[in-house]
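Breakdown of the fold
So the chains spell out like this:
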Amino acid sequence: MENKQIIISQFGGPEVLTTQMASIPEPREGEVLVKVCFSGINPIDVKTRAGVGWAAAKNKGNLPWVPGYDISGKIVASGHGCQRFEIGDTVAGFIGFPLDGGGYSQYVCVAEDTLSLVPDAITMEAAAALPLAGQTAVQALDKAGVQEGQRVLILAGAGGVGHIAIQVAIAAKVEVFTTCSESNLDYMATLGAHAVNYQFAPVSERVEEADVLIDLIGGDAALDALKCLKDGAKVVTVPTLSAEHICEKAHLLGFEATGMVVDPNPQQLDALLYMVSVGLLKTEIQEVYPMDKVAEAHKQIETGHTRGKILLNMQC
Ligand SMILES: NC(=O)c1ccc[n+]([C@@H]2O[C@H](COP(=O)([O-])OP(=O)(O)OC[C@H]3O[C@@H](n4cnc5c(N)ncnc54)[C@H](OP(=O)(O)O)[C@@H]3O)[C@@H](O)[C@H]2O)c1
């Protein structure tokens, strides 16, 4: 048996994603071997492959490199001292962030305490969609100190992070406003958010007196959204490339503002999996690509218009 992996040997366009056959790794003490079913794709994978952003800067001495931070799969072996899981358990995790990556592999060894058990009621696809995007959503809302009854504006509600952030915020009983293109207006309404079509008018003409801005777009859209906030509002800007600039402008206007980098937290993933299992959260998966079509999957993310998540099926 071999371990097919997707690898980049240099930064560049989607064509730098190639496959290689590696041996199946042996779990060390405290590690389990996971047979990966689905691997989630995130914009950071695409930016890092292109050599853009902080993760690319950190990984430039690490090439060749196997990308991927989100996995769902089955435990197939465990190393010395492992006690949390049985062989055959279904697990999910936010792994190897930011340096090791490794999620675009058919088999990967990970520390058992970085994984979450996936309840029977949840599909492997949903479990792979949650880790990085779901924890980003939760941590952004936490950083903003979102409270029941507040008005929260979430830019890019239809994306991987946004569609989860909306549902977590609604579960916390806040009123959610969001931005999307015309094609996602109905979808946003089904999640319970008031949606503004950004192609029609700037959000600042449609939303006012918001307590919190969760910015998942950055740039000019984020600067415009600052006009929707009430005095003393809080801003969390998630895309790292423009975070410094957005925070500077927000501070000048008297808002509390911060950027963030998501921090893997298995307890948060447990909570998100629980929310899915009881029907409080539904992951949207636009498409599952076979692992050999990873370049197409990256091109889809690069359109900037993916609804929910894109996954790779690592077993076909
Ligand atoms: N700092 C961190 O730790 C961290 C963690 C996770 C993500 N991020 C960053 O956060 C951003 C969002 O991540 P993601 O995974 O949610 O991205 P994503 O899934 O690729 O976002 C795609 C969504 O963006 C929407 N969109 C595009 N242009 C828009 C605009 N001008 N206004 C409103 N919506 C727009 C699209 O909706 P329409 O098709 O309707 O336009 C689409 O549904 C990315 O830049 C990512 O790199 C940072």
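Residues numbered from 1 in each chain as written. Predicted model: local features only at pLDDT ≥ 70, side-chain atom pairs only at ≥ 80, totals over all residues. Heavy atoms only, no water.

Considering the layout of surface pockets
Here the second largest pocket defines a volume of roughly 390 Å³. Surrounding the second largest pocket, 19 residues form its lining, Asp100, Gly101, Val108, Cys109 and Val110 being those nearest its centre. Listed by contribution, the elements that provide at least two residues to the lining of the second largest pocket are β1 (3-8) and β6 (107-111). With five residues, β6 is the single largest residue contributor to the lining of the second largest pocket. Tallied by class, residues from the lining of the second largest pocket come to seven nonpolar, eight polar and four charged. (1 Å grid on protein atoms, 1.4 Å probe; cavity = no way out; pocket = protein on both sides within 12 Å on 5 of 7 lines; lining within 4 Å. Points joined across faces, edges and corners; volume = space filled by probe spheres on them. Helix = DSSP H or I, 4+ residues; strand = E, 2+ residues; numbered from the N terminus. Nonpolar A, V, L, I, M, F, W, Y, C, P; charged D, E, K, R; others polar.)

What about the site of the ligand?
Near the ligand you find 26 residues, and of these Lys47, Ser181, Tyr198, Val262 and Thr306 are the closest. Here an oxygen atom of the ligand and a backbone polar atom of Ala158 are 3.4 Å apart. Taking Val262, its main chain carries an N or O atom lying 2.7 Å from an oxygen atom of the ligand. Residues that form the shell around the ligand fall into these classes: 14 nonpolar, 11 polar and one charged. Two domains share the shell around the ligand, each providing at least three of its residues, namely domain 1 (3-130 + 283-313) and domain 2 (133-259). (Near = heavy atom within 4 Å. Polar contact = N/O pair within 3.5 Å; in protein donor to acceptor, adjacent residues only side chain to side chain. Domains from an automatic or database assignment.)

Considerations on the side chain of Thr178
With respect to the helices, strands and loops of the structure, Thr178 is situated in strand β9 (residues 175-180). By relative accessible area, Thr178 is classed as buried at 0%. A distance of 3.1 Å separates a polar side-chain atom of Thr178 from the backbone nitrogen of Gly157. If we skip the residues at most four places from it in the chain, Thr178 touches Leu153, Ile154, Ala156, Gly157, Ile166, Met188, Ala193, His194, Ala195 and Val196. (Buried < 20%, exposed > 50% of the residue type's maximum accessible area, 1.4 Å probe, protein only. Contact = heavy atoms within 4.5 Å.)

Quick notes on the pattern of salt bridges
One pass over the full model with this rule turns up six salt bridges. Arg28 is the salt-bridge partner of Glu31, the closest N and O atoms lying 3.1 Å from each other. In this structure, Glu302 engages Arg49 in a salt bridge whose closest nitrogen and oxygen atoms are separated by 2.7 Å. Placement of Glu302 in helix α10 (residues 294-302) and of Arg49 in helix α1 (residues 43-49) is noted, with a sequence separation of 253 residues between them. Residue classification places Glu302 among the partly exposed positions, given a relative accessible area of 42%. With relative accessibility at 2%, the residue Arg49 sits in the buried group. (Salt bridge = Lys/Arg side-chain N within 4 Å of Asp/Glu carboxyl O.)

Quick look at the environment of Ala172
Relative to the helices and strands, Ala172 resides in the loop between α5 (160-171) and β9. Each C-alpha atom, one on Ala172 and one on Val108, is 35 Å from the other, the two residues being 64 residues apart in sequence.

Points about the sheet that holds strand β8 (residues 151-154)
Sheets are built from strands paired through backbone hydrogen bonds, the pairs being either parallel or antiparallel. The strand order across the open sheet built from six strands is β10-β9-β8-β11-β12-β13, with neighbouring strands paired in parallel fashion. The sheet terminates laterally at β10 (194-197) and β13 (256-259), the two strands that pair on one side only. Taking each pair of neighbouring strands and ignoring which way they run, the sheet shows an average axis angle of 20°. (Pairing = 2+ DSSP bridges. Axes fitted to C-alpha atoms, helices over the stretch in contact; angles between N-to-C directions.)

Some points on the packing of helix α4 (residues 131-143) against helix α9 (residues 266-277)
Running from amino to carboxyl end, α4 crosses α9 at an angle of 100°, the nearest separation of the two axes being 10 Å. As far as their axial angle goes, α9 and α4 are roughly perpendicular. Between α4 and α9, the contacting residues are Pro131, Gly134, Gln135, Val138, Gln139 and Asp142 on the first element and Gln268, Leu269 and Leu272 on the second. Of the residues in the contact of α4 with α9, the class split is four nonpolar, four polar and one charged. (Parallel < 35°, antiparallel > 145°, perpendicular 65-115°, else oblique.)

Shape descriptors only; they carry no functional weight alone.
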